[in-house]
Amino acid sequence: NIMERKQFTFYRSFFESIENLRTKKEKAEAYRIICDYALNGNEPDEKVLTPVVAMLFEIVRPVLDTAHRRAQLAKKLSDQKQLQTDILPPVEVQV
């Protein structure tokens, strides 16, 4: 389950795929489930999705998961760097 996030990258390919859906209901459903999953980690109930929206989500999900893992790693590295900065005193180098 993905933790709550404040932002995510919405790729052009997501937009173009959604725009190819036939009905406004399917488009709205696709935008909602992608955003809800990416921002809140909520898995869609695939039993109530139209088959085409369920298929679209299965294609988009790995992209969202990879982006989330990268963001977590970047935050972890940033936190570690900040911790090192806070713990280690500045080093003076004399030439």
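Rules behind the numbers
Residues numbered from 1 in each chain as written. Predicted model: local features only at pLDDT ≥ 70, side-chain atom pairs only at ≥ 80, totals over all residues. Heavy atoms only, no water. Phe/Tyr/Trp six-rings, centres within 6.5 Å; stacked < 30°, edge-to-face > 60°. Buried < 20%, exposed > 50% of the residue type's maximum accessible area, 1.4 Å probe, protein only. Lys NZ or Arg CZ within 6 Å of the ring centre and 35° of its normal. Axes fitted to C-alpha atoms, helices over the stretch in contact; angles between N-to-C directions. Helix = DSSP H or I, 4+ residues; strand = E, 2+ residues; numbered from the N terminus. Parallel < 35°, antiparallel > 145°, perpendicular 65-115°, else oblique. Left-handed = near helix turned anticlockwise from the far one by under 90°. Contact = heavy atoms within 4.5 Å. Nonpolar A, V, L, I, M, F, W, Y, C, P; charged D, E, K, R; others polar. pLDDT = per-residue confidence, 0-100. Expected span 1.5 Å × (residues − 1). Arc of directions from axis to C-beta.

Trainee: Any chance you could explain the packing of aromatic side chains here in plain terms?
Mentor: What describes a pair of aromatic rings is the distance from one ring centre to the other and the angle between the planes of the rings. Taken as a whole and judged by the stated rule, the model has five aromatic pairs. Pairing Phe8 with Phe10 gives two aromatic rings, centres 6.2 Å apart and planes at 70 degrees, and the pair type is edge-to-face. Of the residues examined, Phe8 reaches a relative accessible area of 19% and is grouped as buried. Taken together, a centroid distance of 5.4 Å and an interplanar angle of 90 degrees make the contact between Phe10 and Phe14 edge-to-face. The class for Phe14 is buried, based on a relative accessible area of 3%. Taken together, Phe8, Phe10, Tyr11, Phe14 and Tyr31 form an aromatic cluster joined through their ring pairs. The ring centre of Tyr37 lies 5.4 Å from the NZ or CZ of Arg61, which sits over that ring.

Trainee: I tried to follow the packing of helix α1 (residues 12–19) against helix α2 (residues 24–40) on my own but got confused; where do I start?
Mentor: Packed helices, taken two at a time, are described by their axes: the angle between them and the distance between them. Interaxial distance between α1 and α2 falls to 9 Å at its minimum, and their mutual angle equals 150 degrees. Put simply, α1 runs roughly antiparallel to α2. Crossing hand, α1 versus α2: right-handed. Two secondary-structure elements touch here, α1 through Phe15, Ile18 and Glu19 and α2 through Lys27, Ala30, Tyr31 and Ile34. Here the contact of α1 with α2 is built from residues that sort into five nonpolar, no polar and two charged.

Trainee: What am I meant to see in the confidence of the model for the protein chain here?
Mentor: Reading fine detail from the predicted coordinates is not recommended where pLDDT is low. With 82% of its residues at a pLDDT of at least 70, the protein chain reaches an overall mean of 87. Put simply, helix α3 (residues 51–87) is where the protein chain has its lowest mean pLDDT, 85, and α1 is where it has its highest, 97.

Trainee: Honestly, α2 in this entry has me stumped. Any pointers?
Mentor: A turn of α-helix holds 3.6 residues, and therefore any two residues three or four places apart point the same way. In this model, α2 (17 residues) spans 23 Å end to end at C-alpha, consistent with the 24 Å of a helix rising 1.5 Å per residue. Glu26, Glu29, Ala30, Ile33, Ile34, Tyr37 and Ala38 are the residues of α2 that are buried. Projected onto a plane normal to the axis of α2, the buried residues spread over an arc of 145 degrees and lie on a single side. When the buried face of α2 is taken as reference, the exposed residues oriented beyond 90 degrees from it are Lys24 and Lys25. Positioned one or two residues after α2, Gly41 has a phi angle of 75 degrees, which is positive.

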